[in-house]
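Observations on the three-dimensional arrangement
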Amino acid sequence: MKMLGKNFQAILLFSFILYAVPCYSLPLRTQGRWLVDERTGERVKLHCANWPAHVFPMLAEGLDKQPLPFIASEIVKNNYNCIRFTFSTHMFTRYANLTIEESFDRLNLKKAKAGVIKHNPFVLKMTVPQAYEAVVDALGAFGIMIDADNHISEPIWCCSNDDENGFPNDPHFDPEEWIEGLKLVAQRFKGKSQLISIGLRNEPRGKNQNATLWFDHYIMEAAAQVHQANPDVLVVASGLNFATDLTYFKNHSLKSNFDNKLIFEGHSYSWGGKGNPWVDGSVNKACADKIGSLNNNLGFVTDGENAVPLFFSEFGIDRKQMPAGDDRFLSCFSTWAAEKDLDWGLWALQGSYYLRQNVTNMEEYFGVLEIDWDRVKNPKVERRLGLLKQTLLDPKSTAPLNYIMYHPQSGACVGEGMDGQIRAGNCMGLTRWTHNGHEGPLELKRTGLCLKAIGDGLPPILTPDCSQTTWKPISASKLHLASKDHKGEYLCLHLEPPFAGNIVTKKCICVGDDPTCKDNPTSQWFKLVETNIEN
């Protein structure tokens, strides 16, 4: 590959000094449902952001807005340890000799090209694959792991049922060219441990999809070819129906796990099904239905004797407009992801696109970064994801399981405040609670103090008398932590807006069976999340 310019190398070196490299080694392998350091066996949890390079002009988005080291530093600063870096098959087959400059010129992207010349001129004379590799190298220098994701065949926006890229032998999904492209990527990055995995194909879909063909034939053949070309990388296999369905494995087993290198991926967003249940009906029921669907269609693969890792490589919300449906979906999904301590990938990093669906400089409302890639778009969302970026379960730990009390709408965790009352605050440090998981006292670990509700609208207290302090999760969502008052009526923990940390107990919102109750209960959603990590 063409050498990077001296200025870029200097910037990269300076930035590398500022940001610490994680203390794990690579490559990774699977151990049951976990990803672990192949050398030490220590768990490595992925908390990733998606960064597209699959759309024309086939360059990582945003290099017209900021220097590559600055973008990498923003990834690290916001505690993402990996990037799901998308590519299209044709980038490595049909366009392997096309330079980035030629690609921009053929699309008449004069303004974007000028931005690339200003911020990252070193990529212009590189071919499309060389530029992709240059970004991987730069991210690796910051200690960022990379999942190279085969997003689509053509370099177009993805995805729809009728884009003819959805399943092998669709008009634009040649299975032989697909496997050849995967092999080229695997070979190119052999020996570069920062590239930890290759996603075989994003979101298989369409009228021609077939579970037996996909999982027993195409996945096995593609995984075998990638594993032979580069035995170090994990191989990521997607579920069907836009990565929402792995139910084939309820009645079938893997033919091979390729030396403990095969993992599955799944996706979920607020949409899907009829209407908008997050707004049009009971939010508790919407959350219960979503979690039930996630467990039934995807999450089950992490359970039982034959458990395998599930990389939840796409979920996200509109961070700019924050519609109610997305806001409530995120609170619900976060409790599930925390409970399972999933490896995950957020859609998406980018603040803008060079060209998307014939629109230049389109803003990505789901993006971590603003349209100019110079700052975070919505810091509140980053705070809400804070607990998900921590490792909560360690397969090697011998410590007993305790609970973190998590409030997903704010991203806060509950512990004892300076005044002796409980307060919601930063999840770093993670105050532990003990509970039987069903119904019983809720004790602040190692204090002998239990939580007690004393009245509607009043802060609960910590008391040494644990005999009369029963708490249980109620409602369809099981996200209300409730205790009965002296009248025998449930009071629920409630975080007072604007989420400054004040917790009271109040009459529970929409916890009955009434599907027409449309009040928003998320201020009362508290999840007891298991952890065996000592604090």
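The sections below set out a description of the structure shown in this document. (Residues numbered from 1 in each chain as written. Predicted model: local features only at pLDDT ≥ 70, side-chain atom pairs only at ≥ 80, totals over all residues. Heavy atoms only, no water.)

1. Comments concerning the environment of Val359
With respect to the helices and strands, the residue Val359 is situated in strand E12 (residues 359-363). Spatially, the C-alpha atoms of Val359 and Met126 are 25 Å apart, while their sequence positions differ by 233 residues. (Helix = DSSP H or I, 4+ residues; strand = E, 2+ residues; numbered from the N terminus.)

2. A look at the sheet that holds strand E22 (residues 480-484)
The strand order across the open sheet formed by five strands is E17-E21-E22-E23-E24, and the pairing between neighbours is antiparallel. For this open sheet the edge positions go to strand E17 (440-441) and strand E24 (503-507), each flanked by a neighbour on one side alone. Pairing between strand E21 (residues 470-474) and E22: three bridges, direction antiparallel. In the sheet register, Lys472 faces E22, and the bridge partner there is Ala482. (Pairing = 2+ DSSP bridges.)

3. Examining the state of the cysteines
Within this structure, the stated rule accounts for seven disulfides. Here Cys450 engages in a disulfide with Cys466; their sulfurs sit 2.0 Å apart. In this structure the cystine formed by Cys450 and Cys466 twists about its S-S bond by roughly 95°; its chirality is therefore right-handed. Placement of Cys450 in strand E19 (residues 449-452) and of Cys466 in the loop between strand E20 (461-463) and E21 is noted, with a sequence separation of 16 residues between them. Each sulfur in the disulfide pair Cys492 and Cys508 lies 2.1 Å from the other. Since a negative S-S torsion denotes a left-handed disulfide, the Cys492-Cys508 link at about 100° is right-handed. Highlighted residues: Cys492 in strand E23 (residues 490-495) and Cys508 in the loop between E24 and strand E25 (527-531), separated in sequence by 16 residues. A single burial state applies to Cys492 and to Cys508, both of which are buried. (Disulfide = S-S within 2.5 Å. Buried < 20%, exposed > 50% of the residue type's maximum accessible area, 1.4 Å probe, protein only.)

4. Regarding the packing of aromatic side chains
Under the definition given, this model contains 31 aromatic pairs. Through a chain of ring-to-ring contacts, three or more aromatic side chains come together here, namely Tyr80, Trp278, Phe312, Phe315, Phe329, Phe333, Trp336 and Trp344. Here the basic side chain of Arg356 rests over the ring of Trp157, its NZ or CZ set 3.7 Å away from the ring centre. In this structure, Lys389 packs its charged tip against the face of Tyr80, placed 4.0 Å from the ring centre. (Phe/Tyr/Trp six-rings, centres within 6.5 Å; stacked < 30°, edge-to-face > 60°. Lys NZ or Arg CZ within 6 Å of the ring centre and 35° of its normal.)

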